[in-house]
Amino acid sequence: MTRIKVGDEVVVISGKDTGKRGKVLKKLPKEDRIMIEGINMVKRHVRPTRRGQASGIVEGEAPMHASKVALICSRCGKRTRIGMKTLREEGQLRFCKKCGEVID
Ligand SMILES: [Zn+2]
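It should be emphasised that the depicted structure is a prediction, and the values quoted were computed from it without experimental measurement.

Quick notes on the rules
Residues numbered from 1 in each chain as written. Predicted model: local features only at pLDDT ≥ 70, side-chain atom pairs only at ≥ 80, totals over all residues. Heavy atoms only, no water. Core = buried A, V, L, I, M, F, W, Y, C linked by side-chain atoms within 4.5 Å. Buried < 20%, exposed > 50% of the residue type's maximum accessible area, 1.4 Å probe, protein only. Helix = DSSP H or I, 4+ residues; strand = E, 2+ residues; numbered from the N terminus. Contact = heavy atoms within 4.5 Å. Donors = N, O, S within 2.8 Å, 3.2 Å for Na, K, Ca; no water. Tetrahedral: all angles 85-135°; square planar, octahedral: opposite > 155°, others 65-115°. 1 Å grid on protein atoms, 1.4 Å probe; cavity = no way out; pocket = protein on both sides within 12 Å on 5 of 7 lines; lining within 4 Å. Points joined across faces, edges and corners; volume = space filled by probe spheres on them. Nonpolar A, V, L, I, M, F, W, Y, C, P; charged D, E, K, R; others polar. Domains from an automatic or database assignment.

Trainee: Can you lay out the nonpolar core for me, pointing to particular residues and giving the numbers?
Mentor: Among the nonpolar cores identified, the biggest contains 14 residues, and Ile4, Val10, Ile34, Ile36, Met64 and Val69 are the most heavily contacted of them. Those elements giving two or more residues to this core turn out to be β1 (9-12), β3 (33-36) and β7 (69-72). Val10 has contacts with Ile4, Lys20, Arg21, Gly22, Val24, Ile36, Val69, Ala70, Leu71 and Ile72, leaving out every residue within four places of it along the chain.

Structure follows, in structure tokens:
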């Protein structure tokens, strides 16, 4: 299971959006997928559900596998891996494996 959370800034490391950055919008833990702002955009055909609502094609984010992204550390700004450490006071915390700083 990924240690990435909603609100994290991530970079895509594989697939058509490689190198693009975005903020995590949503997590789908069961599928190990995440939705990232502006990444993995797909066009969907929509049918009007209410009167006056336009039908047509809308573009939106589609969830992608969490293994295809890496976290950008908010402290050192580098692409990194997330480590976990347990502190007596705060409990389990995530930290950047590059600079060692606690992420949250
Ligand atoms: Zn860092």
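Trainee: Residue-level account of the environment of Val24, with values.
Mentor: Along the chain, Val24 falls in strand β2 (residues 21-28). Expressed as a C-alpha distance, the spacing of Val24 and Arg94, which sit 70 residues apart in the sequence, is 16 Å. If sequence neighbours within four positions are ignored, Val24 has contacts with Ile4, Lys5, Val6, Gly7, Asp8, Val10, Ile34, Met35 and Ile36.

Trainee: Before we move on, could you go through the coordination of the zinc ion and cite the residues and values that matter?
Mentor: Protein coordination at the zinc ion: the donors are Cys73 (SG), Cys76 (SG), Cys96 (SG) and Cys99 (SG), at 2.3 Å from the metal. Considering all four donor atoms around the zinc ion, the spread of angles at the metal, 103 to 116°, places the coordination shape in the tetrahedral class. In the primary structure, the donors to the zinc ion are separated according to the pattern C-x2-C-x19-C-x2-C. Of this pair, Cys76 sits in the loop between β7 and β8 (79-80) while Cys96 sits in strand β10 (residues 91-96); the two residues are 20 residues apart in sequence, bridging distant segments of the chain. Assessed through its relative accessible area of 28%, Cys76 is described here as partly exposed. For Cys96, a relative accessible area of 0% puts it in the buried group.

Trainee: Explain the layout of surface pockets to me, using residue names and the numbers behind them.
Mentor: Considered as a void within the structure, the largest pocket measures approximately 310 Å³ in volume. When residues of the lining of the largest pocket are traced back to their parent elements, those giving at least two are β7 and β8. A per-element tally of the lining of the largest pocket places β7 first, with three residues. Here the lining of the largest pocket is composed, by residue class, of seven nonpolar, three polar and five charged. Both domain 1 (9-72) and domain 2 (80-104) contribute no fewer than three residues apiece to the lining of the largest pocket.

Trainee: Talk me through unusual backbone geometry; I want residue IDs and the actual numbers.
Mentor: The backbone of Asp32 sits at a positive phi, close to 60°, despite the residue not being glycine. When you line up the elements, Asp32 lands in the loop between β2 and β3. You will see that Asn40, though not glycine, has its phi angle at about 60°, which is positive. Along the chain, the position of Asn40 falls in the loop between β3 and β4 (41-46).

Limitation: the analysis is restricted to geometry and does not speak to function.
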